[in-house]
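Working through the structure, step by step
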Amino acid sequence: MDKSIVFKFFNDVGLNNVLRCFKKNKLTVLSLHRISEELDFFWNPMKPKTFEFLLAYLKKHYHVICFRELPEIVKVKGTKPLAIISFDDGYYDFYEYALPLLMKYKLPSNHNIVNECAENNMIIWTQRLNFIFNHCRQNKIAVSFEKNEHRFELNNFNNNWMSFYLAVYKWMLQLPLQDRLELLVKHENALSISASVKMMNWQQIAECSANGVEVGSHTFSHDVISTINDEVLLNKEIVQSTRELEQKINKKVNVLALPNGQGNVNITKCLTEAKINYLLYVEDKLNELNNLTGTINKIYRINLVEENVSAMKLRTEMFHSKIKKYA
């Protein structure tokens, strides 16, 4: 049976409303990245029309806030559950498509910025990897990734491009930055391609900040934090990133979203120095409001993707996570 029909049935009978009843004293944080009409087989942006459906749904059923409001708002007993709309990376399409819709619905949001992207339109390594995979898939090119004893080829995954991509992506998360970049450059040169995407600049980020967007850090260069052992580099990724953001928008920054959800046991010192209060992961969980009273609070987010509206509503209400848990 078509999944979209099943999701529509569940919504029609009110399952999303039932699930939302269990969110008392809990905070829902939604994780998004790109809002665009572009297509990407491996990481498809959410379409503006879908995003507007999401905002209308949240406006009706949630009290949407920013992280800076949490200390006071947790003391107030509201009738609606709390939600935060959180973005990562700083793509220009947020400024082009998402910001006007957020302003239309008068909803705040959080957007976590990569400093090097804002400064010189640097392309995040994951975006470059997607570009390589999309090019090879579309042109039926037999690409392989290898380093030391590791080698990945499409035929090792029954010619399933998505399985192939995910295996390479997870493997590259464990590699040092230099090894990751060398692999990307090697394939880009061999294929004569170069990823291109527009990121927001500092002026546009400041404009977002002036219009209800709570700016946070997504580190200085979007490196994989779990692979960094050097204290100086960690300081640059977290402390220097935060301080530069504060100078650019002239506001306090106390939110840090970990790139690719990868943490590091050695970052506490940097988080304390940067005065980060909210450390963001993506683990498809809800947050207990009573637990968000510490100096550094771990925040779980629900990853949203482009899908039919019924499925998106149910994902927001944790339906997919519950099914996966008991499957």
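Scroll up a little and you will see the structure.
Here is a short report on the structure shown in this document. (Residues numbered from 1 in each chain as written. Predicted model: local features only at pLDDT ≥ 70, side-chain atom pairs only at ≥ 80, totals over all residues. Heavy atoms only, no water.)

1. A few points about the nonpolar core
Quick note on the threshold: Working definition of a nonpolar core: buried Ala, Val, Leu, Ile, Met, Phe, Trp, Tyr and Cys residues. They are joined through side-chain atoms within 4.5 Å. For every residue, the accessible area (1.4 Å probe, protein chains only) is compared with the maximum for its type, and the residue is labelled buried under 20%, exposed over 50%, or partly exposed between those bounds. In this description, contact between two residues means that some pair of their heavy atoms is separated by no more than 4.5 Å.
Within the largest apolar cluster, 36 residues are counted, with the highest numbers of intra-cluster contacts made by Leu32, Phe51, Ile85 and Phe94. The contacts of isoleucine 85, once residues within four sequence positions are left out, are Leu30, Leu32, Leu55, Leu58, Val64, Leu102, Leu107, Pro108, Ser109 and Asn110. Phe42, Tyr169, Leu173 and Val224 belong to the second-largest nonpolar core, a separate cluster that totals 25 residues.

2. Section: the side chain of glutamine 127
Heads up, the condition is: Think of it this way: any DSSP run of H or I at least four residues long counts as a helix, any run of E at least two long counts as a strand, and we number them from the N terminus.
Mapping glutamine 127 onto the fold places it in helix 7 (residues 125–138). Contacts of glutamine 127, omitting those with residues within four sequence positions, involve Arg34, Asp40, Trp43, Tyr91 and Val197.

3. Brief notes about the packing of helix 3 (residues 48–61) against helix 13 (residues 309–316)
Here is the rule: Axis angles are defined between N-to-C directions and span 0 to 180 degrees, where every axis is a line fitted to C-alpha atoms and, for a helix, only to the segment in contact. Small angles under 35 degrees read as roughly parallel and large ones over 145 as roughly antiparallel, with 65 to 115 read as roughly perpendicular and the rest as oblique. By definition, turning the near helix anticlockwise from the far helix through less than a right angle yields a left-handed crossing, and turning it clockwise yields a right-handed one. Classification used: nonpolar for Ala, Val, Leu, Ile, Met, Phe, Trp, Tyr, Cys and Pro, charged for Asp, Glu, Lys and Arg, polar for all others including Gly.
With their axes 10 Å apart at the nearest point, helix 3 and helix 13 run at an angle of 45° to one another. Taken together, the axis directions place helix 3 and helix 13 in an arrangement best described as oblique. Once helix 3 is placed against helix 13, the crossing between them reads as right-handed. Judged by residue contacts, Thr50, Phe53, Leu54, Tyr57 and Leu58 of helix 3 engage Val309, Met312, Lys313 and Thr316 from helix 13. Broken down by class, the residue content of the contact of helix 3 with helix 13 amounts to six nonpolar, two polar and one charged.

4. Comments concerning the environment of leucine 19
Residue position: leucine 19 is located in helix 2 (residues 15–20). In this structure the C-alpha to C-alpha distance between leucine 19 and isoleucine 225, which are 206 residues apart in sequence, comes to 35 Å. With near-sequence residues (within four places) excluded, leucine 19 lies in contact with Leu314, Glu317, Phe319 and Lys322.

5. Considerations on the environment of lysine 140
When you line up the elements, lysine 140 lands in the loop between helix 7 and strand 5 (144–147). Sequence separation between lysine 140 and glutamine 203 is 63 residues; the distance between their C-alpha atoms is 40 Å.

6. Digging into the packing of aromatic side chains
Think of a pair of aromatic rings as described by two things: how far the centres are apart, and how the planes are tilted against each other in angle. Inclusion rule: Classification of ring pairs rests on two measures: the distance between centres of Phe, Tyr or Trp rings, Trp counted by its six-membered ring, which must be within 6.5 Å, and the angle between planes, read as stacked under 30 degrees, edge-to-face over 60 and tilted in between.
One pass over the structure, following the stated rule, counts 20 aromatic pairs. Relative to phenylalanine 87, the ring of phenylalanine 51 lies with its centre 5.7 Å away and its plane at 75°, an arrangement referred to as edge-to-face. Pair noted here: phenylalanine 51 is in helix 3 and phenylalanine 87 is in strand 3 (residues 82–89), with a separation of 36 residues, a long-range link. The burial state of phenylalanine 51 is the same as that of phenylalanine 87; both residues are buried. With a centroid separation of 5.7 Å and 45° between ring planes, the pair formed by tyrosine 92 and tyrosine 95 is classed as tilted. One end of the pair, tyrosine 92, and the other, tyrosine 95, are both in helix 5 (residues 92–104), three residues apart, so they sit about a helical turn from each other. Members of the aromatic cluster, joined through ring pairs, are Phe41, Phe42, Trp125, Phe133, Phe145, Phe157, Trp161, Phe164, Tyr165 and Tyr169.

Keep in mind these values describe shape, not function.
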